[in-house]
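Structural overview for review
The primary structure of each chain is shown beneath.
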Amino acid sequence: MKSSRFHEYLELTKPRVVALLVFCAVIGMFLAVPGVPPWRALVFGTLGIWMASGSAAAFNHLIDQRIDKVMARTAHRPLATGHLTPRQVLIFALALGAVSMLVLVLLVNSLTALLTFGGLIGYALIYTAYLKRATPQNIVIGGLAGAIPPVLGWTAVTGELHPFALQLCLIIFVWTPPHFWALAIFRRDDYSRAQVPMLPVTHGVVFTRWHVLFYTILLVLVTLLPALTGYSGLVYLGGAVVLGLGFLYYAVRLLNPPDEFFAMKVFNYSIVYLMALFAFLLVDHWVMEPLVQHQDVVFERSA
């Protein structure tokens, strides 16, 4: 019974979604400094960001309980099934959010805590409570809240904002629409029943497929920015180009898909794409940093 209740609370945090967000935040930490980030920022920054993301997810469950009950994808959630009450979920979400802020303020830094709190409010209230039901551009406008983890990771280590971190945020921001619209195409009947104005519901599947392609093209261009601005090198550039071509293939194929399930293949590839892209950033950072240090030594000796 205790194990079952634990898993119900764990499900409130959307562990798979949060894992991807925290992964991007941790990559931001490693990119912020040469070598390994300070253990304090790495451990407590990761913990605080994870708890805040889990709190936002729990608020999402609470606010979306009505529509979760009528959507096949979400009908199994603890609040939708009645295994947890709204009061229990509210207390859990508030407690997790409060502890995350204490961890970040006391053990990391105030800037990270402030930005994390903004992301929590942006996702839980602005997106879930308002934008999701107000406009078919909900995922575009509300995407910033989900795009902020690399910035949080960077500020957790350095205590300041940086243009490179903002580029990483921009990448996730542009990645979010084609990623989520692919899922929305497959689950459009669910969203229609729940009266959520996702793009495939309000403008049709064909219109949404073209938007997936347009945003994918934009995404491929945006992912070139770290290399074009000198923040990353050829290792990342090569990976970004190969991954981008793969995403473009899926987006073009989605215009005339072989079957209904192909939209989910696009969705699944988009997750692998983002993880691999950030992994290439990290590998490039570790490869290029020693080369830059070696060039600096050679330059100093020659001078």
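Up top is the structure these notes are about.
I will try to describe carefully the structure that is included in this document. Computed from a predicted structure; not experimentally measured.

With respect to the nonpolar core
- In terms of nonpolar packing, the biggest core is built from 85 residues, with Trp175, Tyr273 and Phe278 touching the most fellow members.
- A total of 14 residues in this core trace back to one element, the largest contributor, which is helix H11 (residues 163-186).
- Excluding its chain neighbours within four sequence positions, the residues that come into contact with Trp175 are Leu20, Leu219, Phe247, Ser270, Ile271, Tyr273 and Leu274.

Section: the environment of Thr116
- One can find Thr116 in helix H7 (residues 110-134).
- Note on Thr116: relative accessible area 4%, which makes it buried.
- Residues Thr116 and Ile49 lie 67 residues apart in sequence; the distance between their C-alpha atoms is 6.9 Å.
- Other than its neighbours up to four places away in sequence, Thr116 contacts Ile49, Ala52, Met101, Leu104 and Leu152.

A word on the packing of aromatic side chains
- Taken as a whole, this structure holds 15 aromatic pairs when the rule is applied.
- By the ring-pair criterion, three or more aromatic residues cluster together here, those being Phe247, Tyr249, Tyr250, Phe262, Tyr269 and Tyr273.

Some points on H11
- The end-to-end C-alpha distance of H11 is 36 Å, a good match for the 34 Å that 24 residues give at a rise of 1.5 Å each.
- In terms of residue burial, H11 counts as a mostly covered element, since 19 of its 24 residues are buried.

Some words on unusual backbone geometry
- Residues other than glycine seldom take positive phi values, yet Lys14 does so here, at roughly 50 degrees.
- Along the chain, the position of Lys14 falls in the loop between helix H1 (2-12) and helix H2 (15-32).
- Backbone geometry at Gln195 places phi at a positive 60 degrees, although glycine is not the residue there.
- Along the polypeptide, Gln195 turns up in the loop between helix H12 (188-193) and helix H13 (199-203).

Some details on the packing of helix H6 (residues 86-107) against H7
- Close contact between H6 and H7 brings their axes to 8 Å; oriented N to C, the two are set at 155 degrees. With respect to H7, the axis of H6 lies roughly antiparallel. Residues Gly97, Met101, Leu104 and Val105 of H6 touch H7, and the partners they reach there are Thr112, Ala113, Thr116, Phe117 and Leu120.

Some remarks on the pattern of salt bridges
- For the coordinates displayed, the defined rule picks out six salt bridges.
- A salt bridge links Asp64 to Lys132, with the shortest nitrogen-to-oxygen separation between them at 2.6 Å. With Asp64 in the loop between helix H3 (39-63) and helix H4 (65-68) and Lys132 in helix H7, the pair connects residues that are 68 residues apart, well separated along the chain.
- Note on Lys132: relative accessible area 9%, which makes it buried.
- Taking the shortest distance from any N to any O, the salt bridge between Arg133 and Asp64 comes out at 2.7 Å. Remark: Asp64 occurs in the loop between H3 and H4 and Arg133 occurs in helix H7; sequence separation between them is 69 residues.
- Here the salt bridges do not stand alone but share partners, grouping Asp64, Lys132 and Arg133 into one network.

Cut-offs applied
Residues numbered from 1 in each chain as written. Predicted model: local features only at pLDDT ≥ 70, side-chain atom pairs only at ≥ 80, totals over all residues. Heavy atoms only, no water. Core = buried A, V, L, I, M, F, W, Y, C linked by side-chain atoms within 4.5 Å. Buried < 20%, exposed > 50% of the residue type's maximum accessible area, 1.4 Å probe, protein only. Helix = DSSP H or I, 4+ residues; strand = E, 2+ residues; numbered from the N terminus. Contact = heavy atoms within 4.5 Å. Phe/Tyr/Trp six-rings, centres within 6.5 Å; stacked < 30°, edge-to-face > 60°. Expected span 1.5 Å × (residues − 1). Axes fitted to C-alpha atoms, helices over the stretch in contact; angles between N-to-C directions. Parallel < 35°, antiparallel > 145°, perpendicular 65-115°, else oblique. Salt bridge = Lys/Arg side-chain N within 4 Å of Asp/Glu carboxyl O.

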